Amino acid sequence: MNTKFTRRQTLTALGTMALAAGALAVGARRSTPELHTKPWRQIAMEVLSGPPVTRELMLAMPAPRQPATAWSVPAPRGVSWSDEGCVYEHPADLKKAVQSVRDRVREDLDSGRVVLTGGWVLSQTEAALVAMCVESAAQISEGRP
Amino acid sequence: MIVDLQEESSPASYEADLCIIGAGPAGMAIARRLADANFSIVVLESGGLRLEPGTQDLARGETSALSYSLEGTRLRVFGGTTNHWEGWSLPLTPIDFRKRDWVPQSGWPFGFEELAPYYPSGYEFLSLGAYEPDAPLPPSPCNVLTPAGKPVFDVFHIQRPESPWEVSKPWQLAAWKQPNLTVVLHANVLPLKADGRTLRDCTISTLSGRKATVRAKVFVLATGGIENARLLLASDNLSNSRGLVGKYFMEHVFSPVAGALLPVADYRPPFEAKLGESLYEGWEWRFSEEAAQELKLLSCGVGVANYKAPPHPAVPGNQEFVPILVHAEQAPRPESFVALGKEKDPLGVPRARLNWVIDDHTQETVRQCVMHFASMATRAGYGRVFIPEPVSEVRWPHGLWPACHHMGTTRMHADPAQGVVDPDCKAFDMDNLYIAGGSVFPTVGHVNPTLNLTVLALRLGDHLKGVMKG
């Protein structure tokens, strides 16, 4: 039996092996994706309307005087909410997540779902968002992760 | 004709078919309405043609609840308190007349349609220009909806004359020319003495003690919401068989800083453009009828100032801000009242004592009005709203101002057990005494009262024409 490969066969085999290796490499990367976290405070700075100084003031308010609603904005596909903020892999998913918060804020405002928080009139979602920031800041100041 | 009781040559007695006590907008509207009547009218004015400290001091009084300046919010001079009138004018709305289940003691004995025919004359009398109830309004930018999906706010336009504080000047000119009218200046009416159900005469006096007697077939009391009650109470509780005189005092709850709007962009011109370019000209918002009914709130208007206020300690960030202005109806409550004070004025008449009380319903109305406005402002990108403590905290109502509107103290009702005057403004307990002005308002809406008390007075003028004929 002729065991010699032709030049063409050899190249094809090598190409197949390379593709397989590449696929394995991609698979390996997918199994351990590189995740990022967008901190609540940065999300708030993007979502709250007003000039930066006003947004900073809203975030610097004393502890909420009314209990904020639980954070209930559904996480779009590709992201999750954590104590630290929005966990995502791809920037496009983060954008979707921020937009979903914005949409929820707008729905709140259209329906008059607002609360007085530290003197500011915030939508319920904004108030919850600010509360998450306040909570994060408290955790940081207490040395917790 | 205008005469001055201070002048020694002026008569010591007057006789007329109709005697009107008070030359403010209500009294003078009636007098002008009856210009072509074939009966004589005498109008008694405590002050002169210009403000005088001695007479103005008669307005001083006591307070026993919320702080209130009785002498600073009223003027005793020909034209009355219109002499410091801001001039803002707007008709009451149909819902203001209705019985609202969520507002105890609400409901006028008639509807808006009863006063509607008098608004054109009222506008003319107050130099407001043409009355155009059907003029198009700009589309409301209100995207804020009630839980039932109704717009929270309607947009409205409020008018004012060019020189509101001079609005009584034409009345003065007309008084000189009106053949059947005599206006007596410096004529302070002393406590009235009735003969059973009939008032036959009254005694007037200058501050220096010169007196005269005025006899008339019919009397109209038109001295304002504080003074109408005070004179009746000081007159041995005249027309007060049910103890209602002085009760249900109402003001408009007004706040120049109910909220602070921190603009998203520069206030002008982008801000004004967004709000319809015309806030400065009197465009504002108020609870829609549907919203007031669904949310069970009183009537309340809201707008923003046409200027940026300098930084204020109550507003965070040391930033300039745009004041949010509210103008709310006060709920009628018997614990808010006018009574007689302990001190007497130089004429020996007890001064007024005001016990001004604002209830929780009124407070909640103001709070919700600002909150909904904040939703609208945020949603539309005007700015962010911060509410200083007076509205948000228990310190209410510090920081809120009275609007210098005195109403409700001789309320109108179809049932004698629940009112001081009947739907024709006649005192229930008397046969020939009528009461004009904001004191007869059972409820007050959120709009400024001068126009509305004027049209009510014009209506009374027409009624008196029939009475005098009879």
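This text gives an overview of the structure that appears in the document. Being a predicted model, the structure only gives us computed values, none of them experimental. (Residues numbered from 1 in each chain as written. Chains lettered and ligands numbered in written order. Predicted model: local features only at pLDDT ≥ 70, side-chain atom pairs only at ≥ 80, totals over all residues. Heavy atoms only, no water.)

Helix and strand content of chain B: 12 helices and 18 strands. On C-alpha atoms alone, chain B measures out to a radius of gyration of 22 Å, which is about the 23 Å that the 2.2 N^0.38 rule sets for 470 residues. Here the C-alpha coordinates of chain B stretch approximately 65 × 45 × 40 Å along the principal axes. Counting only residues that meet the buried cut, chain B has 59% of its 470 residues in that class. Here the contacts in chain B between residues at least 6 apart in sequence split such that 74% fall between residues at least 24 apart. Carbon together with sulfur atoms contributes 51% to the accessible area of chain B, which is approximately 18000 Å² in total. A distance of 3 Å separates the average location of the 42 positive side-chain charges in chain B from that of its 51 negative side-chain charges. (Helix = DSSP H or I, 4+ residues; strand = E, 2+ residues; numbered from the N terminus. Rg over C-alpha atoms; globule rule 2.2 N^0.38 Å. Buried < 20%, exposed > 50% of the residue type's maximum accessible area, 1.4 Å probe, protein only. Contact = heavy atoms within 4.5 Å. Areas by Shrake-Rupley, 256 points an atom, 1.4 Å probe, with all protein chains shown as cover. Lys, Arg positive; Asp, Glu negative; His and termini not counted. Charge placed at Lys NZ, Arg CZ, Asp CG, Glu CD.)

Listed per partner, the contact involves 22 residues of chain A and 21 residues of chain B. Carbon and sulfur atoms make up 58% of the area that chain A and chain B hide from each other, which totals about 1900 Å². Contact with chain B buries area across many residues of chain A, yet A:Leu109, A:Asp110 and A:Val121 alone supply 29% of it, more than any other trio. The interface formed by chain A and chain B contains seven residue pairs in polar contact (both at pLDDT 80 or more). Mapped by element, the contributors of at least two residues to the side of chain A that touches chain B are α3 (52–59), α4 (91–110), β4 (114–117) and β5 (120–123) of chain A. Per element, the largest residue contribution to the side of chain A that touches chain B is four residues, and it comes from α3(A). (Buried area = accessible area lost by both parts, 1.4 Å probe. Polar contact = N/O pair within 3.5 Å; in protein donor to acceptor, adjacent residues only side chain to side chain.)

Another aspect to go through is unusual backbone geometry. Residues and elements named next belong to chain B. Of note, the phi angle at His186 is positive, near 55°, even though the residue is not glycine. Following the sequence through the fold, His186 ends up in the loop between β6 (181–185) and β7 (188–189). For His186, a relative accessible area of 5% translates into the label buried. Even without being glycine, Lys296 reaches a positive phi, approximately 60°. Here Lys296 is to be found in the loop between α9 (289–295) and β12 (300–304).

Turning to empty space enclosed by the protein, a few remarks are in order. All names here are of chain B. Enumeration according to the criterion identifies three cavities of 30 Å³ or more in this entry. Lining the largest cavity are Ser239, Asn240, Ser241, Arg242, Leu244, Val245, Pro416, Gly419, Val420, Phe428 and Asp429. Residues belonging to the lining of the largest cavity are distributed by class as follows: five nonpolar, four polar and two charged. (1 Å grid on protein atoms, 1.4 Å probe; cavity = no way out; pocket = protein on both sides within 12 Å on 5 of 7 lines; lining within 4 Å. Points joined across faces, edges and corners; volume = space filled by probe spheres on them. Nonpolar A, V, L, I, M, F, W, Y, C, P; charged D, E, K, R; others polar.)

Across all of its chains, the model carries 29 salt bridges over all chains by this definition. A:Lys38 is the salt-bridge partner of A:Glu46, the closest N and O atoms lying 2.7 Å from each other. For B:Lys217, the salt bridge goes to B:Asp17, with nearest N and O atoms at 2.9 Å. Here the residue B:Lys217 occupies a position in strand β9 (residues 211–221), and B:Asp17 occupies one in strand β2 (residues 13–21), the gap between them amounting to 200 residues. Taking relative accessible area as the criterion, B:Lys217 reaches 57% and is therefore assigned exposed. Residue classification places B:Asp17 among the buried residues on the basis of a relative accessible area of 15%. The network of salt bridges with common partners includes B:Arg74, B:Arg76, B:Glu227, B:Arg230 and B:Asp345. (Salt bridge = Lys/Arg side-chain N within 4 Å of Asp/Glu carboxyl O.)

All names here are of chain B. Counted as a void, the second largest pocket has a volume near 660 Å³. For the second largest pocket, the lining is made up of 34 residues, of which Leu90, Pro133, Leu137, Phe156 and Arg286 are closest to its centre. The set of elements that each furnish at least two residues to the lining of the second largest pocket consists of α3 (94–97), β5 (153–157), β11 (283–287) and α9. Looking at the lining of the second largest pocket, the element that brings in the most residues is β5, giving four residues.

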